[in-house]
Amino acid sequence: MPSILVLHGPNLNLLGSREPGIYGHATLADIDEQLRTRAEQAGIVLETFQTNHEGAMVDRIQAARADGTAFIIANPAAFTHTSVAMRDALAAVGIPYIEVHLSNPHSREPFRHTSYFSDLAVGTIAGFGADSYRYALDAALNRLGSAPDQR
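Please read all numbers here as calculations on a predicted model, not as lab measurements.

A.B. asks: Could you clarify how one ought to interpret the nonpolar core in this entry?
C.D. replies: In globular proteins that are soluble, nonpolar side chains generally tend to be buried together. Membership of the largest hydrophobic core comes to 23 residues, with the highest contact counts inside it found for Ile4, Ile73 and Tyr133. Listing elements by their share of this core, those giving two or more residues are β1 (3–8), α2 (28–41), β3 (69–75), β4 (97–101) and α5 (131–144). Examining the composition of this core, we find that 5 residues originate from one element, α5, more than from any other. With residues up to four places along the chain from it excluded, the contact list for Ile73 reads Ile4, Leu5, Val6, Leu7, Ile98, Val100, Tyr133, Ala136, Leu137 and Ala140.

Next comes the structure, spelled out in structure tokens:
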């Protein structure tokens, strides 16, 4: 059975309390539960991983190469603008991925306008709060041919 890995970068463990005007009120646990439920309906295993540590993120991406991960949904968070190591890991494993952001980086500070990931991604979804993850999951399920009936 194919699986989807959802990666959450630094500080996303603080969702729900961290700058809710920018990131919303949903917690990371809320987002993960909604994604798992939707994936289960499609017959897909979904795993989530959050870390504040770049090396741990790289290790998890590398492990995805051998664990049956068919697709990755990645919110690199602050790593978006800084992590060549994470970019290189995603390129090395060759697993298709969608880059996700809760806020729209292009409507924020200029340093947030550059992503080290977008050019390698299947697509990028940003600016829709917690719904950004759901839109990415729907796209991943469509790519895997496992989209649940939407009726």
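A.B. asks: Would you take a moment to explain the sheet that holds β3 for this structure?
C.D. replies: Remark on secondary structure: sheet strands pair via backbone hydrogen bonds, oriented parallel or antiparallel. Across the sheet, 5 strands lie side by side as β2-β1-β3-β4-β5; this open sheet has parallel pairing. With partners counted over all chains shown, the strands left at the sheet margins are β2 (45–50) and β5 (123–126), one partner each. Taking each pair of neighbouring strands and ignoring which way they run, the sheet shows an average axis angle of 20°. The sheet contact formed by β1 and β2 spans 6 bridges and is parallel. If you follow Leu7 over to β2, its bridge partner there is Phe49. Taken strand by strand, α2 contacts β1 and β2, and its axis lies near 160° from that of β2.

A.B. asks: Looking at this structure, I do not really get α2. What am I missing?
C.D. replies: Note that an α-helix has 3.6 residues per turn; residues three or four places apart therefore point the same way. A rise of 1.5 Å per residue sets the reference length of α2, with its 14 residues, at 20 Å; its end C-alpha atoms lie 20 Å apart and thus fit the reference within 8%. Buried positions along α2 lie against β1, β2 and α5. Following α2 by one or two positions, Gly43 adopts a phi angle in the positive range, close to 75°.

A.B. asks: Explanation requested: the side chain of His8 in the structure shown.
C.D. replies: Relative to the elements of secondary structure, His8 occurs in strand β1. Polar side-chain contacts of His8 include one of 2.7 Å to the side chain of Asp32. Those residues in contact with His8 that sit more than four places away from it in its chain are Leu28, Asp32, Thr48, Phe49, Gln50, Thr51, Met57, Asn75 and Tyr133.

A.B. asks: I keep staring at the packing of α2 against α5 and nothing clicks. Help me out?
C.D. replies: Relative placement of two packed helices is described by the angle separating their axes and the distance separating the axes. Contact pair α2 / α5: the axes reach a minimum separation of 10 Å and the direction vectors enclose 25°. For the element pair α2 / α5, the angle class is roughly parallel. Relative to α5, α2 is oriented so that their crossing is right-handed. From α2, Ile31, Leu35, Arg38 and Ala39 reach across to α5, where they touch Tyr133, Arg134, Leu137 and Asp138. Counted by class, the contact of α2 with α5 contains 5 nonpolar, no polar and 3 charged residues.

A.B. asks: What is the right way to look at the pattern of salt bridges in this model?
C.D. replies: Pairs may arise between side chains of opposite charge once their charged atoms sit close together. For the coordinates displayed, the defined rule picks out 5 salt bridges. Across the salt bridge formed by Arg60 and Asp67, the nearest N and O atoms sit 2.8 Å from each other. Given the relative accessible area of 10%, Arg60 is considered buried. A residue is classified by how much of its surface remains accessible, and Asp67, at 37% relative accessible area, is partly exposed. Here the residues in one salt-bridge network are Glu47, Arg60 and Asp67, joined through shared partners.

A.B. asks: I'm lost on the side chain of Thr69 in this one. Help?
C.D. replies: Position of Thr69 relative to the elements: it lies in strand β3. Of the residues examined, Thr69 reaches a relative accessible area of 11% and is grouped as buried. A distance of 2.6 Å separates the side chain of Thr69 from the side chain of Asp67, its partner in a polar contact. With residues near it in sequence (within four places) discarded, Thr69 still touches Ser3, Leu5, Arg60, Ala64 and Ile95.

Thresholds, definitions, all that
Residues numbered from 1 in each chain as written. Predicted model: local features only at pLDDT ≥ 70, side-chain atom pairs only at ≥ 80, totals over all residues. Heavy atoms only, no water. Core = buried A, V, L, I, M, F, W, Y, C linked by side-chain atoms within 4.5 Å. Buried < 20%, exposed > 50% of the residue type's maximum accessible area, 1.4 Å probe, protein only. Helix = DSSP H or I, 4+ residues; strand = E, 2+ residues; numbered from the N terminus. Contact = heavy atoms within 4.5 Å. Pairing = 2+ DSSP bridges. Axes fitted to C-alpha atoms, helices over the stretch in contact; angles between N-to-C directions. Expected span 1.5 Å × (residues − 1). Polar contact = N/O pair within 3.5 Å; in protein donor to acceptor, adjacent residues only side chain to side chain. Parallel < 35°, antiparallel > 145°, perpendicular 65-115°, else oblique. Left-handed = near helix turned anticlockwise from the far one by under 90°. Nonpolar A, V, L, I, M, F, W, Y, C, P; charged D, E, K, R; others polar. Salt bridge = Lys/Arg side-chain N within 4 Å of Asp/Glu carboxyl O.

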